[in-house]
Amino acid sequence: MADTKAVSSFPAKSFAEDALSRLADARSQKSDARKDIQEALFFTRPRLSYNIDSSNRHTKRRQDEDEDLATGIGSEVSEDFATEVVSAFFPEGTDWVSTTIDKSSISDDVEESAITGAENDAKERNDSIFASIRASNFESELGTSLDPHASVGTIAWWIDKPYNTRPTNVQHVPYRELEFNIEADGSVGDRFRVRWVLG
């Protein structure tokens, strides 16, 4: 018979406290850049600049003290930049990145058949990766996320394959849901997606 006293909660309380502490750190780091992000969004997509905080529910009402944007040049430049990013880095219908073998770093005692095998494995891996990308909604989500976020400087996607029988799903993560910590070496550490739901 099972011991009913030994029921543990999931997640463990210490884990939840640690996660909340890290989320608070991420929000603190974001607060340092809040005004810069809001200003950049104001010139590219003004309605997105009203609320970039994940700590409260998103409100669609604009603040009375916000000024109206008198020019559309920021929005136009943001759209053009997003188009250039797609053309330069993600051209549709092409394999825009690939894994290759750097033969200059291979020692002389490695047999040619082993190198050829590794090259064939890399090609198969590339084909599999791009088959998955093309089956997903990556390209459609790419277009909606680059403008204005590429011009602001941070783009985030939530990439998930919830079921083996369905394609990979890509979702753009807007600034109001995105929280992350920058480590001492400049790398991205903890990443959080905070989404308020009804209930």
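Coordinates for the structure precede this section.
1. As for the overall build of the chain
Argument step 1. Helices and strands together make up the secondary structure of the chain, namely four helices and four strands.
Argument step 2. For the chain, the sequential pattern of α-helices and β-strands runs α-α-α-α-β-β-β-β.
Argument step 3. In the chain, once contacts between residues fewer than 6 apart in sequence are set aside, the share between residues at least 24 apart is 57%.
Argument step 4. Carbon and sulfur atoms form 52% of the exposed surface of the chain, whose accessible area is close to 14,300 Å².

2. Description of the environment of V173
Argument step 1. You can see V173 is positioned in the loop between β2 (169–172) and β3 (178–182).
Argument step 2. Separated by 16 residues in the primary sequence, V173 and W157 place their C-alpha atoms 5.4 Å from one another.
Argument step 3. Ignoring any residue separated from it by four or fewer positions in sequence, one finds V173 in contact with A156, W157, W158, L178 and R193.

3. Re the packing of helix α1 (residues 13–44) against helix α4 (residues 138–152)
Argument step 1. Look at α1 against α4: their axes get within 9 Å of each other, and the N-to-C directions meet at 135°. Considered as vectors, α1 and α4 are oriented oblique to each other. Crossing geometry of α1 relative to α4 is assigned as right-handed. Along its contact with α1, which presents A40, L41 and T44, the element α4 presents P148, S151 and V152.
Argument step 2. Considering only residue class, the contact of α1 with α4 consists of four nonpolar, two polar and no charged.

4. Side note on the packing of aromatic side chains
Argument step 1. Taken as a whole and judged by the stated rule, the model has six aromatic pairs.
Argument step 2. Grouped by ring-pair contacts, the aromatic residues F90, W96, F130, F138 and W157 constitute a single cluster.

5. As for the pattern of salt bridges
Argument step 1. Throughout the structure, instances matching the rule amount to ten salt bridges.
Argument step 2. One salt bridge connects D18 with R22, and the closest N-O pair in it is separated by 3.0 Å. Remark: R22 and D18 occur in helix α1; sequence separation between them is four residues, near one turn of the helix.
Argument step 3. Judged by its relative accessible area of 36%, D18 falls in the partly exposed class.
Argument step 4. R22 sits in the partly exposed class, given a relative accessible area of 35%.
Argument step 5. Of the charged contacts in the structure, one is a salt bridge between D190 and R22, with a shortest N-O distance of 2.9 Å. Here D190, found in strand β4 (residues 188–193), pairs with R22, found in helix α1; they are 168 residues apart in sequence, far enough to count as distant.
Argument step 6. It is possible to trace a salt-bridge network through shared partners that takes in D18, R22 and D190.

6. Thoughts on helix α3 (residues 112–135)
Argument step 1. In a regular helix each residue adds 1.5 Å, so 24 residues correspond to 34 Å; α3 covers 35 Å between its end C-alpha atoms and thus fits that length.
Argument step 2. Listed as buried for α3 are I115, A122, N126, F130 and I133.
Argument step 3. Elements that come into contact with the buried residues of α3 comprise α4.

Here is what the cut-offs are and how they apply
Position numbers for residues count from 1 along each chain, tracking the sequence in the order it is written. Local features in this predicted model are restricted to residues of pLDDT 70 or higher, and side-chain atom pairs are both shown and tallied only at a pLDDT of 80 or more, whereas totals for entire chains, interfaces and linings draw on every residue. Heavy atoms throughout the structure, all of them, feed into the side-chain values; hydrogens and water do not. Helix and strand definitions here come from DSSP, where helices need a minimum of 4 consecutive H or I residues and strands a minimum of 2 consecutive E residues; each element is numbered from the N-terminal end. Any two residues having at least one pair of non-hydrogen atoms within 4.5 Å are treated as being in contact. All accessible-area figures derive from a Shrake-Rupley calculation using a 1.4 Å probe, and residue coverage is judged against the displayed protein chains alone. All axes here are fitted lines through C-alpha atoms, helices being fitted over the stretch that makes contact, and every angle between N-to-C directions spans 0 to 180 degrees. Any angle between 65 and 115 degrees counts as roughly perpendicular, while under 35 counts as roughly parallel, over 145 as roughly antiparallel, and the rest as oblique. By definition, turning the near helix anticlockwise from the far helix through less than a right angle yields a left-handed crossing, and turning it clockwise yields a right-handed one. Nonpolar residues are Ala, Val, Leu, Ile, Met, Phe, Trp, Tyr, Cys and Pro. Charged residues are Asp, Glu, Lys and Arg, and all others, Gly as well, are polar. For this analysis, a ring pair means two rings from Phe, Tyr or Trp (six-membered ring only for Trp) whose centres lie within 6.5 Å, classed as stacked if their planes differ by under 30 degrees, edge-to-face if by over 60, and tilted for the remaining angles. Salt bridge criterion: a side-chain nitrogen from Lys or Arg within 4 Å of a carboxyl oxygen from Asp or Glu. Here's how the labels work: a residue is buried when its accessible area is under 20% of the maximum for its type, exposed when over 50%, partly exposed in between, all with a 1.4 Å probe on protein chains only. To estimate how far a helix should extend, the number of its residues minus one is multiplied by 1.5 Å.

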